[in-house]
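Given next are the chains, with one letter for each unit.
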Amino acid sequence: MPTEFAADKSHHGFRCEASARPETIRADALVVFVHEGSIGGAATGVDRATDGLLSRLATAGEITGKRYECVPILAPAGVAAGQIVVIGLGPQGPDGNTDLGTLYRAAATATRSLSTRPRETVVLVADPAWTSRHTEQAVAGAAMGMVGQDLHRTDKKRTRFGTTIWVGASSEALATGMVIADGVSLARRLVNSPPDDLYPETFAEAAAAVAGRTGMEIEIWDEHRLDRERCRAILAVGRGSSRAPRLVKLTYRGPGVPAGPPHVALVGKGVTFDSGGLSLKPPDGMLTMKCDMAGAAAMVAAAATIAALRLPVNLVAVCGLAENMTGPAAYKLGDVITARSGTTIEIHNTDAEGRVVLADVLDVVREMAPQKIIDAATLTGACMVALGHDVAGLFTNDQSWCDQIAAAARTVGEPVWQLPMYPEFDEQIRGEVADIKNVGEGRWGGAITAAKFLERFVGGIPWTHVDIAGPAFAEKPRPWIDGGGTGVLVRTLVELARTRSL
Ligand code: BES
Ligand code: MN
Ligand code: ZN
């Protein structure tokens, strides 16, 4: 199994080459990127080397440059590679720029389609017009595309290339892109791990291993510590399982950054399996619920990536880990739990467990007085009803913090959309016998009532909640990714930390 953030990167087999003539490199395949409308940029040289083959195919309508179109040209004359793969980027942006999210997915589409067979050497050509940000995202996408979901399949459907040569990429951009790829891969691998392998204790062990490799401090609270810390909400959700809950706290201090309260706290929902508890899910809805720790996976992976890049920021990442099951001690409908903050929670539906777990995690984080909080959670089906499979929901108590996150997401091409937090929704979660209840009245606006519940635990600190129920897990394969965990939000969080808006 690949190990992300290993000191020895040689197993990735990525290197760069300055060659001005990629067509002369012996390889299994030569990948070039084209925009809609014309064979331009780095493809021009390959077009010339093949005596205008690419232009002729474009004129004939065989190459359109449409987004993620992938045209293999086998055994072309004039190039040393066994095939040329022309990958579409869609229309050129208004300012002539290529959008980073499209580039990431296009690079992944190319390597994903090539990785169905073993390949010794594949050459990808960076366009001279790209900035280092472009190259990084293309490199990250290319690395991600050749890694699949088949962790346990005997005959792997995907094989990594022996060597991946990037022509025209700087070694810095290549290295950064590979670290980002490691982060995305880590999040995907954690999400794709079967729930009986990855449960709170083993998730915490995985986080500890990553902390060791990236130079972060880690603290793990077991069930006894959780009890001493009055984390009754996390413990309640975990009580129906034979696997005890955990809380994981990672700390990273950037080089030369003065000590002090964290600039940002990353908070993740880590329900390693969500059966729904006594409010049991139907089998169809339960099948993919190993993905219910994707928020925690994103936060651990983002913290690790930021640490591996030595970015100048102080942060903590705190994840609440529990398995929501139906064992004899399971928490029940009508139970009243006193959360760590002292707020009492009335349980009306044990399947609304994520917010209950996060109630305690947010309180732990609030105590550390971070400047800002961002949480990621596969929190509600309602968010998918509102925004579909690909778009994450944003909810905030501080518009400028939310805007910064949306801007970073836009930069790297991860779709997000903000939903409102009108005070009227607070009435829906008013408790009958306790302070609050864990579901709203009826199902309408369910993503918002969930966010409103979380807001009660952040103590007025600028906070944004990201509901990733849709984009965390691809139920079907897409051209750029196998079905399964997507690693959503890792690239956005790294971008946030880099632009120093934390
Ligand atoms: N983990 C689920 C939300 C979810 C659904 C994530 C589908 C990914 C895909 C969450 O714990 C849940 O069950 N939410 C309930 C809340 C309801 C009971 C108020 C839901 O959305 O149905
Ligand atoms: Mn649930
Ligand atoms: Zn859940």
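Let us look at the structure shown here. (Residues numbered from 1 in each chain as written. Chains lettered and ligands numbered in written order. Predicted model: local features only at pLDDT ≥ 70, side-chain atom pairs only at ≥ 80, totals over all residues. Heavy atoms only, no water.)

Counted by the stated rule, this structure contains 0 disulfides. In this structure Cys 231 is a free cysteine whose sulfur lies 14 Å from that of Cys 319, the closest cysteine sulfur available. Accessibility expressed as a relative area gives 0% for Cys 231, which makes it buried. The class of Cys 319 is buried, set by a relative accessible area of 0%. (Disulfide = S-S within 2.5 Å. Buried < 20%, exposed > 50% of the residue type's maximum accessible area, 1.4 Å probe, protein only.)

Our next topic: the coordination of the manganese ion (ligand 2). Around the manganese ion (ligand 2), the protein contributes the donor atoms Asp 274 (OD), Asp 351 (O), Asp 351 (OD) and Glu 353 (OE), which lie 2.1 to 2.2 Å from the metal centre. Note that the manganese ion (ligand 2) binds 6 donor atoms; their angles at the metal cover 71 to 168°, and the shape is irregular. Written as a sequence motif, the donor arrangement for the manganese ion (ligand 2) is D-x76-D-x1-E. Taken as an interatomic distance, the gap from the manganese ion (ligand 2) to the zinc ion (ligand 3) is 3.1 Å; Asp 274 donates to each of them. Using a relative accessible area of 23% as the deciding quantity, one classes Asp 351 as partly exposed. On the accessibility criterion, Glu 353 (0% relative accessible area) is buried. (Donors = N, O, S within 2.8 Å, 3.2 Å for Na, K, Ca; no water. Tetrahedral: all angles 85-135°; square planar, octahedral: opposite > 155°, others 65-115°.)

Moving on: the site of ligand 1. Ligand 1 sits among 16 residues. The nearest are Lys 281, Asp 292, Asp 351, Glu 353 and Gly 381. Take Lys 281: an N or O atom from its side chain is 2.8 Å from an oxygen atom of ligand 1. Glu 353 is positioned with one of its side-chain polar atoms (N or O) 2.8 Å from an oxygen atom of ligand 1. Protein burial of ligand 1: of its 520 Å² of free accessible surface, 78% is covered by the chains. With respect to the detected pockets, ligand 1 is housed in the largest pocket. Residue assignment for the shell around ligand 1 shows that the elements contributing at least two residues are strand S9 (264-274) and helix H12 (381-387). Of the residues assigned to the shell around ligand 1, the class counts are 5 nonpolar, 4 polar and 7 charged. (Near = heavy atom within 4 Å. Polar contact = N/O pair within 3.5 Å; in protein donor to acceptor, adjacent residues only side chain to side chain. Areas by Shrake-Rupley, 256 points an atom, 1.4 Å probe, with all protein chains shown as cover. 1 Å grid on protein atoms, 1.4 Å probe; cavity = no way out; pocket = protein on both sides within 12 Å on 5 of 7 lines; lining within 4 Å. Sits in = over half its atoms within 2 Å of the grid points. Helix = DSSP H or I, 4+ residues; strand = E, 2+ residues; numbered from the N terminus. Nonpolar A, V, L, I, M, F, W, Y, C, P; charged D, E, K, R; others polar.)

This brings us to the coordination of the zinc ion (ligand 3). Each protein donor to the zinc ion (ligand 3) is listed here as Lys 269 (NZ), Asp 274 (OD), Asp 292 (OD) and Glu 353 (OE); together their distances run 2.0 to 2.4 Å. Each of the 6 donor atoms around the zinc ion (ligand 3) contributes to a set of angles spanning 78 to 175°, which defines the coordination as octahedral. Ordering the donors of the zinc ion (ligand 3) by residue number gives the pattern K-x4-D-x17-D-x60-E.

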